[in-house]
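Commentary on secondary and tertiary structure
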Amino acid sequence: MPTMQTSQSITQKLANPTRFMDLSGRLLPWITVASAGIIAYAMYLVFFVAPPDYQQGQTVKIMYIHVPSAWLGMMAYALIAISSFGLLVFRHPLADVSAKAAAPIGAAFTLLALLTGSLWGKPMWGTYWVWDARLTSVLLLFFLYLGLMALRSSIEDEALAAKLTAVLALVGVILLPIIKFSVDWWNTLHQPSTGLTTTVHASIRVPLLISAFGFSLLFFAMHMKAMRNEILRRRVKALRMAEVERAQSNSPPGNPSVSGDIRARAAQAGE
Amino acid sequence: MRGAFATFVALVRRDLVLAVREGGALGTALGFFLIVVALMPLGLGPDLNLLSRIASGVLWIALLLAALLSLPRIFEADYEDGALEVMAMGELPMEMVAAAKSLAHWISTGIPLALMAPMLGILLNLDLASAPVLVATMLAGTPAISFLGSIGAALTLKARRGGLLLALLVLPLYIPTLIFGISTVNAASLASDSFWPSFAILVALSLGSAVLGPIAAAAAVKFQIQ
Amino acid sequence: MKLAAESLVLVRGSRTIVDGLSFAVQAGRALALTGPNGVGKTTLIRAIAGFLTPASGTIRLDGGEPDLTLAEQSHYIGHLNGMKSSLTVEENLAFWALYLRDATAVALQDRVSDALAGFELDVLRDIPAGYLSAGQKRRLGLARLLVARRPVWLLDEPTVSLDARSTELLAAAVDRHTESNGIVIAATHLALGLSRTDELQLSPHRAVA
């Protein structure tokens, strides 16, 4: 007969929330300071060192925020997908915390990418929005984020919400490349290339990379902080529930728990 | 194996019988399809050239919205009356249950909507010569709507505001089908070489979603009958 | 045949509902689950039916079909009947007779007839289930037990909305099932007055903070 059995896996024992809280508590200040410093240095390079583009002038400086935002918007989705996989397959206790914490941050960066892209587009294309393949794909990514957050918030049972959101995240990650491919196909049918992809000079590339690195650290700092908040929120919730149970419990305090006290006895009839 | 196939067919047949007897749902979807199409000229103006140019796109979008309306039916009733729990006790894997129910949804909703599209096309001055191609692309593309839609239907079984949420979850997943559905129609009207490639991709999208949809929907259903 | 649970722990959300429960039911016996509301009778039955995966511990059916899971050899009667109101009584049962695998070679039509007879639904066979009263619907739900022969019956409050006569019919069906070496696990407030029955009294488990 097949049996139903689950037991704590080794990864579950290793990565318990307590250890995470301990480690992240020590790392977080350093990451925060490092990201602030690197972003400040990148901004110095952007505004005082990097040359204005000969075609785009000073507006090119939006790119130093736009590109890292777009990249982090995608990376956050990858992180959510990996976390979702970890939740559904390995039942990793931190996986859902990570997925839940990453969604709003990823959505915010995606939105930032859309807004900066739109602001950049105004001087470039003469309009705030064009149905460029990239903009369209990023917009759809933003919709996926909205779907993830809306689904989670509309299901009361948090454990169930976590699993269902993970299913949606994995469906999304399978479909994202297909959506991207179809949007590219659609774009080539309808519109000539907008010529955004010009070769990038080192004078622009280096500040861009530094800026991207700083923003990535910022992302990790925010993600870690959000995970810590979520863990604390869950602890508060657990304590409250325990309090409710204690209030409900009829057995007087101090009485040893009689959990699983089972007496099977033959009924009078028949024996 | 033979037994599993018979069970699958029995389940599809039962869902179809229910769709016919309980009626309503298809009528609502068709009515909605008609309304959305009728609103277009009212919003865009009665210029026949413009309408004719955008007819196939409008019909595709209206079809997506109309099909969306009927998606909750895939699992909702069986969840609420406990039938899904009994199905979980059978030997047919939940993935096949989800596939059977999505297939029944396609037959009872996708096919009628696709067949009705040319008639509504008349309202939009659709070039009648392109109607057969339009129907063909809709028939090839609507399975993806049912199979991908079953994921959303399963995910929102216990959700508050399920209907609105379903639209938000599912519509982005429909974008590839929409794009290739319309590009196939356009390719046909231009007699372009890209007709067969985009038609093939449309079919591939439907086949791919027939695999992905039941797996994801079954996972979502199993989590919810715990 | 024997259905056995060993040091079973069942958790819903963050609450431990059953903690370290072990029991065994031999073929031909019925087990009545008793205890106050909220003690985990429904959760236990749903875990045996395979809806809920135990946090730890095992549930096994020894001596059943080796290729089938416990759920595939069980009937589960929950609070809902799983019947379609626009299908007739007979159509409903015929669908489940086809859908749920039967261990015997009895023809489908005969199984449906037996089920109709077993719960006195013959006269209603052509009536859509939507027209039935609550008690009749419940009998229809219970008749599912007889459309496919499965060794384990899991009954969660099966007597809800049944009148005295219908309760007798259920008791008779359960009695025949245990007589032919079936296993019954029932969560019920009412004693069914059955022979060959053991009782498993669940007591409240205090959640650990």
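Our subject is the structure that appears above.
Quick caveat: nothing in here was measured; it's all calculated off a predicted structure.

**Here's the deal with the overall build of chain A**
- For chain A, the helix and strand inventory stands at 7 helices and 1 strand.
- Ordering the α and β elements of chain A from the N terminus gives α-α-α-α-α-α-α-β.
- Here chain A, with 271 residues, has 41% of them falling under the buried criterion.
- For chain A, contacts bridging at least 24 residues in sequence account for 82% of all contacts bridging at least 6.
- Only carbon and sulfur atoms are counted for the fraction: they give 68% of the accessible area of chain A, which is about 14700 Å².

**Overview of the overall build of chain B**
- Secondary structure assignment for chain B yields 10 helices and 0 strands.
- The secondary structure elements of chain B, listed N-terminal to C-terminal, are α-α-α-α-α-α-α-α-α-α.
- Taking 226 residues into account, the globule formula puts the C-alpha radius of gyration at 17 Å, and chain B, at 18 Å, falls close to it.
- The principal-axis extent of the C-alpha atoms belonging to chain B is close to 55 × 35 × 30 Å.

**With respect to the sheet that holds strand β4 (residues 56–62) of chain C**
All names here are of chain C.
- Pairing is antiparallel in the open sheet, where 3 strands are placed in the order β2-β1-β4. Looking at which strands have only one partner, the edges of the open sheet turn out to be β2 (15–26) and β4. If you compare each strand with its neighbour and ignore which way they point, the axes differ by 15° on average.
- In the sheet, strand β1 (residues 2–12) pairs with β2 via 9 bridges, with the strands oriented antiparallel. Within the sheet, the bridge partner assigned to alanine 4 lies in β2 and is alanine 24.
- Relative to the sheet, helix α1 (residues 41–48) contacts β1, β2 and β4, its axis offset from that of β1 by approximately 120°.

**As for the interface of chain C and chain B**
- Listed per partner, the contact involves 28 residues of chain C and 26 residues of chain B.
- Together, the buried faces of chain C and chain B total about 2400 Å²; carbon and sulfur atoms form 60% of this surface.
- Sorting the residues of chain C by area buried against chain B places Phe51, Lys84 and Tyr99 of chain C first, and these three jointly supply 31% of that buried surface.
- As a salt-bridge pair, lysine 84 of chain C and aspartate 81 of chain B come within 2.7 Å of each other at their nearest N and O atoms.
- The interface formed by chain C and chain B holds 11 residue pairs in polar contact (both at pLDDT 80 or more) in total.
- Elements with a contribution of two residues or more to the side of chain C that touches chain B: β5 (74–77) and α2 (89–99) of chain C.
- Residues belonging to the side of chain C that touches chain B are distributed by class as follows: 14 nonpolar, 6 polar and 8 charged.

**Focus: the nonpolar core**
- Counting 182 residues, the largest nonpolar core has Phe75 of chain B together with Leu3, Phe23, Leu93, Trp96 and Ile185 of chain C as the members making the most contacts within it.
- Those residues within four positions of isoleucine 185 of chain C in sequence are excluded, and the remaining contacts are Leu3, Phe23, Val25, Leu31, Leu33, Ile45, Ile48, Trp153, Leu154 and Leu155 of chain C.
- Leu28, Ile31, Leu94 and Leu217 of chain A belong to the second largest nonpolar core, which has 12 residues in total.

**Considering the packing of helix α4 (residues 134–147) of chain C against helix α5 (residues 164–179) of chain C**
Residue and element names in this part refer to chain C.
- With their axes 11 Å apart at the nearest point, α4 and α5 run at an angle of 15° to one another. Looking at the two axes, α4 sits roughly parallel to α5. Considering the relative orientation of α4 and α5, their crossing is left-handed. Between α4 and α5, the contacting residues are Arg139, Leu142, Leu145 and Leu146 on the first element and Ser166, Leu169, Leu170 and Arg176 on the second.

**So, the packing of helix α3 (residues 48–70) of chain B against helix α6 (residues 94–123) of chain B**
Residue and element names in this part refer to chain B.
- With their axes 10 Å apart at the nearest point, α3 and α6 run at an angle of 150° to one another. Considering their axes alone, α3 and α6 lie roughly antiparallel with respect to each other. Judged by the twist between their axes, the crossing of α3 over α6 is right-handed. Seen from α3, the contacting residues are Leu59, Leu63, Ala66, Ala67 and Ser70; seen from α6, they are His105, Thr109, Leu113, Ala114, Ala117, Leu120 and Gly121.
- Taken together, the residues of the contact of α3 with α6 sort by class into 8 nonpolar, 4 polar and no charged.

**With respect to the packing of aromatic side chains**
- Scanning all chains against the criterion turns up 17 aromatic pairs over all chains.
- Summarising the aromatic geometry, the rings of phenylalanine 109 of chain A and phenylalanine 219 of chain A are spaced 6.2 Å apart at their centres and angled 50° between planes, so their arrangement reads as tilted. Of this pair, phenylalanine 109 of chain A sits in helix α4 (residues 95–125) while phenylalanine 219 of chain A sits in helix α7 (residues 202–248), and the two are 110 residues apart along the sequence.
- Take phenylalanine 109 of chain A: its relative accessible area is 4%, and that puts it in the buried class.
- Relative accessible area serves as the criterion here: at 0%, phenylalanine 219 of chain A is assigned to the buried category.
- For the pair phenylalanine 95 of chain C and tyrosine 99 of chain C, a centre-to-centre distance of 5.6 Å together with 35° between the ring planes defines the contact as tilted. Taken together, the positions of phenylalanine 95 of chain C and tyrosine 99 of chain C, both in helix α2 and 4 residues apart, correspond to about one turn of that helix.

Conventions we followed
Residues numbered from 1 in each chain as written. Chains lettered and ligands numbered in written order. Predicted model: local features only at pLDDT ≥ 70, side-chain atom pairs only at ≥ 80, totals over all residues. Heavy atoms only, no water. Helix = DSSP H or I, 4+ residues; strand = E, 2+ residues; numbered from the N terminus. Buried < 20%, exposed > 50% of the residue type's maximum accessible area, 1.4 Å probe, protein only. Contact = heavy atoms within 4.5 Å. Areas by Shrake-Rupley, 256 points an atom, 1.4 Å probe, with all protein chains shown as cover. Rg over C-alpha atoms; globule rule 2.2 N^0.38 Å. Pairing = 2+ DSSP bridges. Axes fitted to C-alpha atoms, helices over the stretch in contact; angles between N-to-C directions. Buried area = accessible area lost by both parts, 1.4 Å probe. Salt bridge = Lys/Arg side-chain N within 4 Å of Asp/Glu carboxyl O. Polar contact = N/O pair within 3.5 Å; in protein donor to acceptor, adjacent residues only side chain to side chain. Nonpolar A, V, L, I, M, F, W, Y, C, P; charged D, E, K, R; others polar. Core = buried A, V, L, I, M, F, W, Y, C linked by side-chain atoms within 4.5 Å. Parallel < 35°, antiparallel > 145°, perpendicular 65-115°, else oblique. Left-handed = near helix turned anticlockwise from the far one by under 90°. Phe/Tyr/Trp six-rings, centres within 6.5 Å; stacked < 30°, edge-to-face > 60°.

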